[in-house]
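Structural description and commentary
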Amino acid sequence: ATEGGLRFRPSHALILDIMLDSKNTARRYDAQSVRWREQLASVESLEALAAPDTFKGTLREYQCEGLAWLEFLRTTGLGGCLADDMGLGKTVQVLAMLERVRTQPELERLPSLIVVPKSLVLNWLAEARSFTPNLVTLDYSGTNRGPLREQFDDVDMVVTTYGTMRQDIVPLAERRFRYV
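Summary of the structure given here. The shown structure was predicted, so the numbers you read here are calculated from the model rather than taken from an experiment. Sequence order as written defines the numbering, with residues in each chain counted from 1. The predicted origin of the model limits local features to residues at a pLDDT of at least 70 and limits the giving and counting of side-chain atom pairs to 80 or more, whereas totals for whole chains, interfaces and linings rest on all residues. Hydrogen atoms and water are omitted, and side-chain values are computed over all heavy atoms in the structure.

Right, let's talk about the pairing of strand E1 (residues 112–116) for a bit. Regular strands have side chains that alternate between both faces of the sheet. Partly exposed residues are those whose accessible area sits between 20% and 50% of the maximum for their type, while under 20% is buried and over 50% is exposed, using a 1.4 Å probe and protein chains only. Each helix is a run of DSSP H or I of at least 4 residues and each strand a run of E of at least 2, with the numbering of both proceeding from the N terminus. The buried fraction of E1 amounts to 5 of the 5 residues, a majority that puts the element mostly inside the structure. Burial of E1 is two-sided: the residues Ser112, Ile114 and Val116 facing one way and the residues Leu113 and Val115 facing the other way are all buried. Any two strands are treated as partners once DSSP identifies two or more bridges connecting them. Where E1 and strand E3 (residues 157–161) come together, 5 bridges link them in parallel fashion. Counted as the bridge partner of Val116 is Thr161 from E3.

Set out below in structure tokens:
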């Protein structure tokens with residue numbers, strides 16, 4: 001609570017808006033809250049977003065819609081999930097999003113942590129080389145990983161396994177990542 005009102009995290013905005021809409025109570029919103037509500041309302045009219053020119057490949061229409069959804073989540077500061085059936089290209093959509101972020105010079109360079117089953121580490125690295133050759137990647141699996149953490153500031157994508165993340169949760173939790 002703050003003087004003259006309540007303060008909530010942006011991630012609580014949706015639930016609060018739903019709760020308040022179900023009541024007939026008078027409410028006042030500050031300018032930031034009004035902008036936030038407008039952004040949230042805009043999700044229903046998201047237009048498909050093309051991959052950046054540096055992306056090597058062609059996204060299908062539904063993948064461009066997924067890219068728009070991921071961009072919406074980034075610009076609103078919300079977390080979210082991109083989920084659909086296996087084999088429909090979630091990896092490619094995530095790579096397109098990471099490449100989009102990489103090509104925006106106004107954004108601070110931060111690595112993203114990709115956590116996958118051990119059997120998919122090489123697949124993610126190969127897909128990244130194929131579709132996003134300018135994306136700097138790091139294989140953070142196997143033994144002797146400690147020195148690799150010093151390279152995190154120089155890469156765009158760190159690929160690791162569930163087991164490695166569990167073993168290295170303390171040093172990984174101390175790091176800033178754009179996405180996990």
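Picking up after the structure, the text goes on.
Strand order in this open sheet of 3 strands is E1-E3-E2, and the pairing throughout is parallel. Here the strands that pair on one side only, and so sit at the sheet edges, are E1 and strand E2 (137–139). Mean inter-strand twist for the sheet, computed between neighbouring axes without regard to direction, equals 25°. One ladder, built from 3 bridges, connects E2 with E3; its direction is parallel. All axes here are fitted lines through C-alpha atoms, helices being fitted over the stretch that makes contact, and every angle between N-to-C directions spans 0 to 180 degrees.

The next subject is the packing of helix H3 (residues 61–76) against helix H4 (residues 90–102). Contact geometry for H3 and H4: axes closest at 9 Å, N-to-C directions at 50°. Judged by the angle between their axes, H3 and H4 are oblique. Judged by the sense of rotation from one axis to the other, the crossing of H3 with H4 is right-handed. Two secondary-structure elements touch here, H3 through Tyr62, Gln63, Gly66, Leu67, Leu70, Glu71 and Arg74 and H4 through Gln93, Ala96, Met97, Arg100 and Val101. Here the term charged refers only to Asp, Glu, Lys and Arg, the term nonpolar to Ala, Val, Leu, Ile, Met, Phe, Trp, Tyr, Cys and Pro, and the term polar to all other amino acids, Gly among them. For the contact of H3 with H4, the per-class residue count stands at 6 nonpolar, 3 polar and 3 charged. By the definition adopted for this analysis, an angle is roughly parallel if under 35 degrees, roughly antiparallel if over 145, roughly perpendicular if from 65 to 115, and oblique otherwise. It is the rotation of the near helix from the far one that decides the hand of a crossing: anticlockwise by less than a right angle makes it left-handed, clockwise makes it right-handed. Throughout, a residue-residue contact means that at least one pair of heavy atoms, one from each residue, lies within 4.5 Å.

For the rest of this paragraph, the subject is the packing of aromatic side chains. Put simply, two rings from Phe, Tyr or Trp (the six-membered ring, in Trp's case) pair if the centres are within 6.5 Å, and we call them stacked under 30 degrees between planes, edge-to-face over 60, tilted for the rest. Applying the stated rule across the entire model yields 4 aromatic pairs. Between Phe152 and Phe177, the aromatic rings sit 5.9 Å apart at their centres with planes inclined by 55°, giving tilted as the arrangement. One end of the pair, Phe152, is in the loop between E2 and E3; the other, Phe177, is in the segment after helix H7 (169–173), with 25 residues separating them in the sequence. Across the pair, exposure class does not vary: Phe152 and Phe177 are buried alike. Taken together, the ring pairs in this structure connect Tyr140, Phe152 and Phe177 into an aromatic cluster. Only when the NZ atom of a Lys or the CZ atom of an Arg is both within 6 Å of the ring centre and within 35 degrees of the ring normal do we say a charge sits over the ring. Sitting over the face of the ring of Tyr140, Arg145 holds its NZ or CZ atom 5.8 Å from the ring centroid.

Bringing the environment of Gln104 into the picture now. Along the chain, Gln104 turns up in the loop between H4 and E1. For Gln104, a relative accessible area of 13% gives the class buried. Polar contacts here mean pairs of N or O atoms no more than 3.5 Å apart (in protein, one a potential hydrogen donor and the other a potential acceptor; neighbouring residues in sequence count only if both atoms are side-chain atoms). A distance of 3.4 Å separates a polar atom in the side chain of Gln104 from a polar atom in the side chain of Arg74.

The rule for a salt bridge is simple: a side-chain nitrogen of Lys or Arg has to be within 4 Å of a carboxyl oxygen of Asp or Glu. Inspection of every chain in the model, using the stated rule, returns 8 salt bridges. The salt bridge partner of Glu71 is Arg74, with a shortest N-O separation of 2.8 Å. Pair noted here: Glu71 and Arg74 are both in helix H3, with a separation of 3 residues, about one helical turn. Between Glu99 and Arg102 there is a salt bridge, and its shortest N-O distance comes to 2.7 Å. Pair noted here: Glu99 and Arg102 are both in helix H4, with a separation of 3 residues, about one helical turn. The structure contains a network of salt bridges with shared partners spanning Glu71, Arg74 and Arg100.

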